[in-house]
Structures are given as structure tokens and as C-alpha cells.
Amino acid sequence: ADLASRAVANGFAVDIFACSLDQVGLHEMKVLPDKTGGYMVMSDSFSMTVFKESFRKMFDCDEAGYLQVGFNAKLEARTSSELKISGAI
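Residues numbered from 1 in each chain as written. Predicted model: local features only at pLDDT ≥ 70, side-chain atom pairs only at ≥ 80, totals over all residues. Heavy atoms only, no water.

Visitor: What should I look at first to understand the side chain of serine 43 in this one?
Guide: Looking at the element boundaries, serine 43 is found in strand S2 (residues 40–43). The exposure class assigned to serine 43 is buried, which follows from its relative accessible area of 3%. Of note is the side chain of serine 43, whose polar atom sits 3.2 Å from the backbone oxygen of serine 45. Setting aside anything within four residues of it in sequence, one finds serine 43 in contact with Ala18, Cys19, Ser20, Met48, Val50 and Phe51. (Helix = DSSP H or I, 4+ residues; strand = E, 2+ residues; numbered from the N terminus. Buried < 20%, exposed > 50% of the residue type's maximum accessible area, 1.4 Å probe, protein only. Polar contact = N/O pair within 3.5 Å; in protein donor to acceptor, adjacent residues only side chain to side chain. Contact = heavy atoms within 4.5 Å.)

Structural data, given as C-alpha cells:
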């Protein structure tokens, strides 16, 4: 939990892609992707469809060709004193 808190404080998302027929301790590592908003995928091998599709989905692009994931992005809006903003645009 301490490592997950440090990752969140520094703007990291932890992704775990594990492939093994044996136990890899995924349950013990679950707190990292849960707290940081990362991915967690477990499969029997790297050639399984669930692994390939999950990994490929991380790099999906929108219509303009940009990745659909955010990388420690910040949104700042500067307005006049008469305009109030509610939520993110």
C-alpha cells in the first residue's frame, strides 16, 4: 500500500501484465493497479488472445491519431472573473 501511495503521489500508473502457468503473486500486487488506475491482466501465455487484445487496447488511437490514455495530464482553465467553470470540459 505504501508503494501504491508513492506511485500516486508522483503521478504514476502501474500496469501489470503477467503470463504464467504458476502463481505469480498477482493478488498481492493488486493494490498497485487498483490505486493508480493501471491495467492488470493475467494469462497463461503471451500468445493468448486476452493478453494480446488487452495489450493492444492500451495503444488504441482516436480519429486524430492520438493515444486515448492520459499521461499525467493537467487541465488548466483561465477565465475572467465573470465566468464560472463547473467540471472539466
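Visitor: Any chance you could explain the pairing of S2 here in plain terms?
Guide: The side chains of a regular strand alternate, residue by residue, between the two faces of the sheet. Side chains of S2 alternate between two faces, with Val41 and Ser43 buried and Met40 and Met42 left unburied. Judged from the four bridges that link them, strand S1 (residues 16–19) and S2 form a sheet pairing that is parallel. Residue alanine 18 lies in a different strand from S2, and its bridge partner there is methionine 42. (Pairing = 2+ DSSP bridges.)

Visitor: Can you help me understand the pattern of salt bridges in this one?
Guide: A side chain with one charge can pair with a side chain of the opposite charge if their charged atoms come near. Within this structure, the stated rule accounts for three salt bridges. For glutamate 53, the salt bridge is made with arginine 56, and the minimal N-O distance between the two is 2.8 Å. With glutamate 53 and arginine 56 both in helix H4 (residues 49–57) and three residues apart, the pair spans about one turn of that helix. On the basis of relative accessibility, which here comes to 44%, the residue glutamate 53 falls in the partly exposed class. (Salt bridge = Lys/Arg side-chain N within 4 Å of Asp/Glu carboxyl O.)

Visitor: When you look at the side chain of threonine 36 in this model, what are you seeing that I'm missing?
Guide: Inspection of the secondary structure assignment puts threonine 36 in helix H3 (residues 31–36). Its relative accessible area of 13% is what places threonine 36 among the buried residues. A polar contact of 3.0 Å, which involves the side chain of threonine 36, links it to the backbone nitrogen of valine 14.

Visitor: Is there a simple way to think about the packing of aromatic side chains in this case?
Guide: The geometry of an aromatic ring pair comes down to the distance between the two centres and the angle between the two planes. Evaluation of the coordinates by the stated rule reveals four aromatic pairs. Pairing phenylalanine 17 with phenylalanine 51 gives two aromatic rings, centres 5.6 Å apart and planes at 85°, and the pair type is edge-to-face. Highlighted residues: phenylalanine 17 in strand S1 and phenylalanine 51 in helix H4, separated in sequence by 34 residues. Exposure remark for phenylalanine 51: the relative accessible area of 10% places this residue in the buried category. Between the aromatic rings of phenylalanine 55 and phenylalanine 59, the centroid separation amounts to 5.5 Å while the plane-to-plane angle is 65°, which identifies the pairing as edge-to-face. (Phe/Tyr/Trp six-rings, centres within 6.5 Å; stacked < 30°, edge-to-face > 60°.)

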